[in-house]
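Structural features, examined
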Amino acid sequence: MSEQKPQDGEQKDRTGESVDAPRPEGVHPQGPGLGGSANKGYPSTEGLSGGNRPVEYTNVGPEGGEVDPEHAPVVRGERRGMFGARAGQDTSGYGGLKTSVAFPGAAQRPYGGWYDEVVDRLTATTGTDLVERVVVHADELTLHVNRADLVPVMRALRDQPDLRFEMCVSVSGVHFLEDKDAELHVAYHLLSITHGGRRLRVEVTAPDADPHIPSVVSIYPGADWHERETWDMFGVVFDGHPALTRILMPDDWAGHPQRKDYPLGGIPVEYKGGTVPPPDERRSYN
């Protein structure tokens, strides 16, 4: 019987059985656009997950470049120049640079780990789906909810035995000038000691024209000074807060310093016999 010759690209062992061709050293063919070469001599990256995966495995689009609009990144603005400065304040010489300010879009099920369980239990407890969008990014879970639904969501997250996020670790404010009708963002960082240190984030938004968000101090008393600081720095009014007053700036201070529309000006400083003018009065090179 004549010996059958292997087809092109096919390899056989001594018994004539086909075997997989060895992978060329330094080639990682996982996912679209990943069939090229990489540095040789490094350990295999197969089997890695989450933040341990090389960036080239997560920084590529799906086949054909098609993205589901419901899960596409959320573009909240555009950054120009090296540092995003405008109105002649960019002194870096890179004023022509332009990039979109994009944030992760809604995640698709299964979210992974205990995330699905938490979202399902929250939905069952509140009687309706009060979560507008679920985002899973960098192994972190964020629940986006309407500000009107914030109090029942936070109470369920604290009281439901299957959830039990007992601690509100911090309250953070963010100001996105170009996020129309949702310029002010407030993120609540929650921790569950009962369930082994689970962490999640609840995020709500409010427009500049109506910067009101319900206070959660009645649910998480420790959020008292966090909400005061968010009011002080960003101007978010927490309705129902027992004493919403300044905590960092003087009581008679005008404006909220961490808003993006807050003036960049300052106080001239004397330095070794010279005077340094405020930032908005300094020379521009573009």
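Look a little higher up for the structure.
In this report, the structure presented in the accompanying data block is examined. It should be emphasised that the depicted structure is a prediction, and the values quoted were computed from it without experimental measurement. (Residues numbered from 1 in each chain as written. Predicted model: local features only at pLDDT ≥ 70, side-chain atom pairs only at ≥ 80, totals over all residues. Heavy atoms only, no water.)

1. Things to note about the sheet that holds strand β6 (residues 140–145)
Quick reminder of the rule: At least two DSSP bridges between two strands are needed for those strands to be called paired. Only DSSP runs of H or I reaching four residues or more are called helices, and only runs of E reaching two or more are called strands; each is numbered from the N terminus. The angle between two axes is taken between their N-to-C directions and runs from 0 to 180 degrees, where each axis is a line fitted to C-alpha atoms and a helix contributes only its stretch in contact.
On the basis of which strands lie adjacent, the open sheet formed by 5 strands has the order β5-β6-β9-β8-β7 and mixed pairing. At either end of the open sheet lies a strand with only one pairing partner, and these are β5 (131–137) and β7 (167–175). Adjacent strand axes in the sheet meet at a mean angle of 20° when their direction is disregarded. Pairing geometry for β6 and strand β9 (residues 198–206), over 3 bridges, is parallel.

2. Section: unusual backbone geometry
Keep in mind that most residues, glycine aside, have a negative phi and that most peptide bonds are trans. The linkage connecting Arg109 with the following residue, Pro110, adopts the cis geometry, with an omega of -5°. By the secondary structure assignment, Pro110 is in the loop between β4 (98–103) and α2 (115–126). Of note, the phi angle at Ala138 is positive, near 55°, even though the residue is not glycine. Note that Ala138 resides in the loop between β5 and β6. At Asp139, a residue that is not glycine, the phi angle is positive and equals roughly 60°.

3. Some remarks on the packing of aromatic side chains
Heads up, the rule is: Working definition: a ring pair exists when centres of Phe, Tyr or Trp rings (six-membered ring for Trp) sit within 6.5 Å. Plane angles under 30 degrees give stacked, over 60 give edge-to-face, the rest tilted. Under the scheme applied here, a residue whose accessible area is under 20% of the maximum for its type counts as buried, over 50% as exposed, and between as partly exposed, the area being computed with a 1.4 Å probe on protein chains only.
This model, assessed by the stated rule, comprises 3 aromatic pairs. Measuring from ring centre to ring centre gives 5.2 Å for Phe103 and Phe176, while their planes differ by 85°; the resulting arrangement is edge-to-face. Here Phe103, found in strand β4, pairs with Phe176, found in the loop between β7 and β8 (184–192); they are 73 residues apart in sequence, far enough to count as distant. Residues Trp114 and Tyr115 carry aromatic rings whose centres are separated by 4.7 Å and whose planes lie at 85° to one another, so their mutual orientation is edge-to-face. Assessed through its relative accessible area of 21%, Trp114 is described here as partly exposed. Among the residues examined, Tyr115 registers a relative accessible area of 11% and is labelled buried. Clustering of aromatic rings is evident, with ring pairs tying together Trp114, Tyr115 and Phe165.

4. Things to note about helix α4 (residues 224–234)
For α4, the set of buried residues is His226, Glu227, Thr230, Asp232, Met233 and Phe234. Immediately beyond the C-terminal end of α4, within one or two residues, lies Gly235, with a positive phi of roughly 80°.

5. A closer look at a nonpolar patch on the surface
Operational definition: Exposure above 30% relative accessible area and the lack of any salt bridge qualify a residue for a patch; like charges then connect within 9 Å, and the nonpolar side chains Val, Leu, Ile, Met, Phe, Trp and Tyr within 5 Å. Accessibility throughout is a Shrake-Rupley quantity obtained with a 1.4 Å probe, and a residue counts as covered only by protein chains that appear here. A pairing counts as a salt bridge when a side-chain nitrogen of Lys or Arg comes within 4 Å of a carboxyl oxygen of Asp or Glu.
Taken together, the side chains of Met167, Val169 and Ile193 present a nonpolar region at the surface, about 250 Å² in accessible area. Among the secondary structure elements, Met167 is positioned in strand β7. Note on Met167: relative accessible area 37%, which makes it partly exposed.

6. With respect to the pattern of salt bridges
Tallying each qualifying case throughout the model produces 10 salt bridges. Between Asp116 and Arg109 there is a salt bridge; the shortest N-O distance is 2.9 Å. Arg109 gets classed as partly exposed once you look at its relative accessible area, which sits at 45%. For the salt bridge of Asp210 with Arg147, the shortest nitrogen-to-oxygen distance reads 2.9 Å. Of this pair, Asp210 sits in the loop between β9 and β10 (212–214) while Arg147 is found in the loop between β6 and α3 (150–159), placing the two residues 63 residues apart along the sequence. On the accessibility criterion, Asp210 (31% relative accessible area) is partly exposed.

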